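Structural description and commentary
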Amino acid sequence: MASEIPFQRIRLNLRKYILEPAKRRREVKLSDMKEFFSDLEAAERMLSSGKDPVIYQYCEYEASEEPDNLILGLTVIYPGKVGKEYFMTRGHFHEKDSGEIYYCIYGSGIILIQSKDGQTAYMELKQGDLCYVPPGWGHRTINTGRKRFVFLFVYPSGSGHDYGIIKEKGFAKLVIEEKGKWKVVDNPRYLG
Ligand code: PA5
Ligand code: MN
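To start, this report covers the structure provided alongside it.

Conventions we followed
- Residues numbered from 1 in each chain as written.
- Chains lettered and ligands numbered in written order.
- Predicted model: local features only at pLDDT ≥ 70, side-chain atom pairs only at ≥ 80, totals over all residues.
- Heavy atoms only, no water.
- Buried < 20%, exposed > 50% of the residue type's maximum accessible area, 1.4 Å probe, protein only.
- Helix = DSSP H or I, 4+ residues; strand = E, 2+ residues; numbered from the N terminus.
- Arc of directions from axis to C-beta.
- Contact = heavy atoms within 4.5 Å.
- Pairing = 2+ DSSP bridges.
- Axes fitted to C-alpha atoms, helices over the stretch in contact; angles between N-to-C directions.
- Near = heavy atom within 4 Å.
- Polar contact = N/O pair within 3.5 Å; in protein donor to acceptor, adjacent residues only side chain to side chain.
- 1 Å grid on protein atoms, 1.4 Å probe; cavity = no way out; pocket = protein on both sides within 12 Å on 5 of 7 lines; lining within 4 Å.
- Sits in = over half its atoms within 2 Å of the grid points.

Comments concerning helix α2 (residues 40-48)
Those residues of α2 not exposed but buried are Ala42, Ala43 and Met46. Across the axial projection of α2, the buried residues extend over an arc of 100°, all falling on one side. In α2, those exposed residues whose orientation departs by more than 90 degrees from the buried face are Glu41, Arg45 and Ser48. On the buried face of α2, the contacting elements are α1 (30-33) and β6 (81-82). Just past α2, the residue Gly50 takes up positive phi, approximately 90°.

Considering the sheet that holds strand β13 (residues 138-143)
What the 3 strands build is an open sheet, ordered β11-β10-β13; its pairing is antiparallel. Two strands in the sheet have a free side with no partner beyond their single neighbour: β11 (120-126) and β13. Averaged over all adjacent pairs, the angle separating strand axes in this sheet is 20°, with direction ignored. Across 7 bridges, the pairing between strand β10 (residues 108-114) and β11 is antiparallel. Directly across from Ile113, in β11, lies its bridge partner Ala121.

Section: the site of ligand 1
As a matter of local geometry, ligand 1 sits amid 16 residues, with Tyr56, Glu100, Tyr102, Phe153 and Tyr163 nearest to it. Interatomic distance of 2.8 Å between a side-chain N/O atom of Glu100 and an oxygen atom of ligand 1. His161 places a polar side-chain atom, nitrogen or oxygen, 3.5 Å from an oxygen atom of ligand 1. In a pocket analysis with a 2 Å cut-off to the grid points, ligand 1 is assigned to the largest pocket. Looking at the shell around ligand 1, the elements with two or more residues in it are β4 (54-62), β9 (100-106) and β14 (149-156).

Geometric descriptors of this kind do not, in isolation, establish any biological role.
Take a look at the structure:
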């Protein structure tokens, strides 16, 4: 009889940038998240010229949905920009305050965190860097490089994802390219 113990080898397939096995896989295209970019006109222009790039993709391995389990995942953010803003994840708060660990395995980027009262902090992540996102902080990752930005993440099952706050108010900071370099600037449209 096959064992039901949630104990198995998980392989990191670096050719396809997926975990094997993975239960959830998702590709997020520009059309899925255009309102998360600050320059909505630039996003609309790309879409109406027939470009709908994959901004990022991720997959997750979850041994069990029981509380106290951990979810392990892999995200790939492609290089590119919408207007001056780099390709990034939508960003979210966990519904149930819980922390998360990120481990960059390829490329480089920024992780931006934000509290519900609008405090922010950011950190650059390069290959080999780890980052701990404290419970209660919204988080978004941004690819500031020319290669894929690839990282592993681990967080507790049952954390849930709240995208609504970020969708409505935005992040207080934006990561943009200026004179060929990344720069973190205030978001003029932040509604916090
Ligand atoms: O939980 C996380 O922070 C990550 O697993 C993200 O879910 C992943 O990188 C995709 O980003 P988002 O959920 O903001 O679309
Ligand atoms: Mn998260």
